[in-house]
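# Fold and contact review
Given next are the chains, with one letter for each unit.
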Amino acid sequence: MSGVSVKTVVPADQLGRTIVRIAHEILERDQDISQLAVVGIYTRGAHLARRLAGLMEEFTGRDIPVGELDISLYRDDVAARGSLTIRPKLPHPELRGTHLPFGIDGKTIVLVDDVLFTGRTIRAAIDALFDYGRPARIQLAVLVDRGHRELPIRPDYVGKNLPTSQEERINVRLSEVDGEDEIVLEAVE
Amino acid sequence: MNRHLLSINDLSRADFDSLLATAEKDFLELSQRDIKKVPTLRGRTIIDLFYEKSTRTSTSFELAGKRLSADVINVKADSSSAGKGESLKDTVLTLNAYRPDIIVARHPHVGAPAFMAAHTAAHVINAGDGMGEHPTQCLLDVFSLKQAYGDLRGLRVAIVGDILHSRVARSNIAGFQKMGMQVALVAPPGLLPRRAEALGAAIFHSLDELANVEVVYLLRMQKERHEGANFVPSLREYISHFCVGRRHLREGQRVLHPGPVNRGVEIENELADSSENLILQQVEAGLAVRMAVLYRIIIDSAAVAKETSGPRLTTRV
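Residues numbered from 1 in each chain as written. Chains lettered and ligands numbered in written order. Predicted model: local features only at pLDDT ≥ 70, side-chain atom pairs only at ≥ 80, totals over all residues. Heavy atoms only, no water.

## Focus on the overall build of chain B
What chain B contains, in helices and strands, is 9 helices and 9 strands. Taking 20 Å as the expected radius of gyration for a compact globule of 317 residues, we find that chain B reaches 20 Å, a close match to that expectation. Principal-axis analysis of the C-alpha atoms gives chain B an extent of 60 × 50 × 40 Å. The long-range fraction of contacts in chain B, counting pairs at least 24 apart against all pairs at least 6 apart in sequence, stands at 75%. On chain B, roughly 13600 Å² of surface is accessible, and the fraction owed to carbon and sulfur atoms is 50%. Taking the 39 positively charged and 36 negatively charged side chains of chain B as two groups, their mean positions are separated by 5 Å. (Helix = DSSP H or I, 4+ residues; strand = E, 2+ residues; numbered from the N terminus. Rg over C-alpha atoms; globule rule 2.2 N^0.38 Å. Contact = heavy atoms within 4.5 Å. Areas by Shrake-Rupley, 256 points an atom, 1.4 Å probe, with all protein chains shown as cover. Lys, Arg positive; Asp, Glu negative; His and termini not counted. Charge placed at Lys NZ, Arg CZ, Asp CG, Glu CD.)

## Observations concerning the overall build of chain A
Helix and strand counts for chain A stand at 5 helices and 8 strands. Secondary structure of chain A in N-to-C order comes out as β-α-β-α-β-α-β-α-β-β-β-α-β. The 189 residues of chain A split such that 51% are buried. Of the contacts made within chain A by residues no fewer than 6 positions apart, 72% connect residues no fewer than 24 positions apart. As displayed, chain A offers around 8800 Å² of accessible surface, 48% of which is attributable to carbon and sulfur atoms. (Buried < 20%, exposed > 50% of the residue type's maximum accessible area, 1.4 Å probe, protein only.)

## Concerning the sheet that holds strand E1 (residues 4-10) of chain A
Residues and elements named next belong to chain A. Read from one edge of the open sheet, 3 strands run E1-E8-E7, paired in antiparallel fashion. Every interior strand has two partners, whereas the edge strands, E1 and strand E7 (169-173), have only one. Going from strand to strand, the sheet's axes swing by 25 degrees on average, the running direction of each strand aside. Bridging between E7 and strand E8 (residues 182-188) involves 5 bridges; their strand directions are antiparallel. Bridging from a neighbouring strand, Asn171 pairs with Val184 of E8. (Pairing = 2+ DSSP bridges. Axes fitted to C-alpha atoms, helices over the stretch in contact; angles between N-to-C directions.)

## Thoughts on helix H1 (residues 13-30) of chain B
Residues and elements named next belong to chain B. Over its 18 residues, H1 extends 25 Å from the first C-alpha to the last, a length consistent with the 26 Å expected when each residue adds 1.5 Å. Where H1 bends most, the angle comes to about 35 degrees, and this point is Glu24. Here H1 lies mainly inside the structure; 15 of its 18 residues are buried. (Expected span 1.5 Å × (residues − 1). Bend = angle between axes of the 7 residues up to and from the residue.)

## A short note on a nonpolar patch on the surface
A contiguous nonpolar patch, built from Val4(A), Val6(A) and Val188(A) and spanning about 270 Å² of accessible area, is present on the exposed surface. Topologically, Val6(A) is positioned in strand E1. (Patch = residues over 30% accessible without salt bridge, like charges linked within 9 Å, V, L, I, M, F, W, Y side chains within 5 Å. Salt bridge = Lys/Arg side-chain N within 4 Å of Asp/Glu carboxyl O.)

## Digging into the domain arrangement of chain B
Residues and elements named next belong to chain B. Assigned domains within chain B: domain 1 (8-133 + 282-308) and domain 2 (135-279). One C-alpha centre belongs to domain 1, the other to domain 2, and the line joining them spans 25 Å. Across the boundary between the two partners, domain 1 contributes 33 residues, which contact 30 residues of domain 2. When the two sides are added together, the surface that domain 1 and domain 2 hide from each other amounts to roughly 2600 Å², 61% of it contributed by carbon and sulfur. When residues of domain 1 are sorted by the area they lose upon contact with domain 2, Ile8, Met131 and Gln282 head the list and together hold 30% of the total. On the surface where domain 1 and domain 2 come into contact, there are 13 residue pairs in polar contact (both at pLDDT 80 or more). Secondary structure elements with two or more residues in the side of domain 1 that touches domain 2: H1, helix H2 (56-67), strand E3 (102-107), strand E4 (123-129) and helix H9 (279-308). Split by residue class, the side of domain 1 that touches domain 2 holds 15 nonpolar, 9 polar and 9 charged. (Domains from an automatic or database assignment. Buried area = accessible area lost by both parts, 1.4 Å probe. Polar contact = N/O pair within 3.5 Å; in protein donor to acceptor, adjacent residues only side chain to side chain. Nonpolar A, V, L, I, M, F, W, Y, C, P; charged D, E, K, R; others polar.)

## With respect to the pattern of salt bridges
Inspection of every chain in the model, using the stated rule, returns 29 salt bridges over all chains. Between Lys66(B) and Glu62(B) there is a salt bridge whose closest N-O contact spans 2.7 Å. Of this pair, Lys66(B) and Glu62(B) both sit in helix H2, 4 residues apart, roughly one helical turn. Relative accessible area serves as the criterion here: at 35%, Lys66(B) is assigned to the partly exposed category. Arg156(B) serves as the salt-bridge partner of Glu214(B), at 2.7 Å between the closest nitrogen and oxygen. With Glu214(B) in the loop between strand E7 (202-204) and strand E8 (215-218) and Arg156(B) in strand E5 (residues 156-160), the pair connects residues that are 58 residues apart, well separated along the chain. Exposure remark for Glu214(B): the relative accessible area of 21% places this residue in the partly exposed category. For Arg156(B), a relative accessible area of 30% puts it in the partly exposed group. Among the charged side chains, a salt-bridge network with shared partners connects Arg29(A), Arg154(A) and Asp156(A).

## Notes on the packing of helix H5 (residues 135-149) of chain B against helix H6 (residues 167-178) of chain B
Residues and elements named next belong to chain B. One way to put it is that H5 packs onto H6 with a least axis distance of 8 Å and a crossing angle of 50 degrees. Taken as axis vectors, H5 and H6 run oblique relative to one another. Crossing geometry of H5 relative to H6 is assigned as right-handed. Side by side, H5 and H6 meet where Pro135, Gln137, Cys138, Asp141, Val142 and Leu145 of the first sit next to Val168, Ser171, Asn172, Gly175 and Phe176 of the second. Split by residue class, the contact of H5 with H6 holds 6 nonpolar, 4 polar and 1 charged. (Parallel < 35°, antiparallel > 145°, perpendicular 65-115°, else oblique. Left-handed = near helix turned anticlockwise from the far one by under 90°.)

## Side note on the pairing of strand E4 (residues 108-116) of chain A
Residue and element names in this part refer to chain A. The element E4 is extensively covered by neighbouring structure, given that 9 of its 9 residues are classed as buried. Here 5 bridges tie strand E2 (residues 36-41) to E4, and the two strands are oriented parallel to one another. The residue bridging Gly40 from the neighbouring strand is Val112, located in E4. Relative to strand E5 (residues 137-145), E4 runs parallel, the two sharing 8 bridges. Counted as the bridge partner of Thr108 is Arg137 from E5.

## Some points on the nonpolar core
Counting residues in hydrophobic clusters, the biggest one holds 108 residues, and the most contacted among them are Ile159(B) and Leu294(B). The dominant element in this core, judged by the number of residues it contributes, is H9(B), at 13 residues. Sequence-distant contacts of Ile159(B), defined by excluding residues within four places in its chain, comprise Ala169(B), Asn172(B), Ile173(B), Phe176(B), Val183(B), Ala184(B), Leu185(B), Val186(B), Tyr217(B) and Leu219(B). Ala23(A), Val144(A), Leu162(A) and Leu174(A) belong to the second largest nonpolar core, which has 29 residues in total. (Core = buried A, V, L, I, M, F, W, Y, C linked by side-chain atoms within 4.5 Å.)

And the structure:
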């Protein structure tokens, strides 16, 4: 059997700077901060969204609402693949669920995810958001764009472009969930 | 989850936990939105086949399917060909020709849903089979209790009333025990099943036992199943000994009832209207839990199909 090689492509300090830069870029876009809200896609997107909102509050001194989106009911592969988000073997299944503690009508929503790949997660997230209201606009911020899009979806803010092959995996590790910050590339050798 | 949900024993403890978690995280929230619909089961067909009267079970299964975007057809026996003498097997074969994904079945005879499962490619969910079982009722009761009490381990519950005729009792005794609860049965001897001890519950014949439990689960007196036999000396005598009111309860005790309630028979009017009962929470839980069951029965079978169709590199979408 072939092994799996694991390589750190972005270490912790660089990852931290990247998130700071994305926060600045979002604010630079000449947007009305009073209408800005950040919504992260479970799991890591939600943590990134919290970090981005925290940074933007620090830079502006204004409150930035943060929400979390669980898109498992909006996936396009319910029949084809089964759920990847439910792990019935866990003794205490993780309680997630969408949590949007603000109205999204008329807001500029910055959708946040860790890795942008096929674009299907983002399609599902946009559909989910529209069931909660009518945002003025939706922008997309991702930490990594690894290519291989299957839908016409493009990010507005990108931490790092990492061209990959289909067989490789990008794992974004965040201290909130994984104990440390880093981006690793896993490849089958 | 297994292919069908016919008995509460079809569910492992892990199935219980994941169904309850799905119901809570996904479907309770959905009911509070303006747009109470998700596209998850778009294009799926669900047939609700009811040979017995029902309000909450049929309404909640229908609403659950619709909120998941499935196409839901309701077939009531009294207005269908069953009323013209068609056999159960022929009805199921006919409905199966429409290629439904799920058949939700209620029938007055024990085992009818299992019989249907043998004659259809659809998943079959038992929505109550005579004096047999009612697994989704058990799930919603456990869900309601978890909402009210948190951890259920060690919690003591008394199931009170017409246990003999109750499919709810049969599913709940097993389900409550699976959750680590201690179950007591409180009923006159005539309303207990033969060999009730074998169910693993302690048996009592007086409401005095309510002093020793945290939860009181009242059952409906199923008068329609009493015809031609005297299970109790008289309804009046039953009421005088077993109708539960607020005076039987102490602070903090909660009362559940699967509905419909017979006011003045198993439950006193005042208690039926008081905030000590969780009856309406149970109804709300029923919708969320049934959505979870419909969702998971489809999702899990898709996952099984994937496992058996050979390896595939799983990448995140």
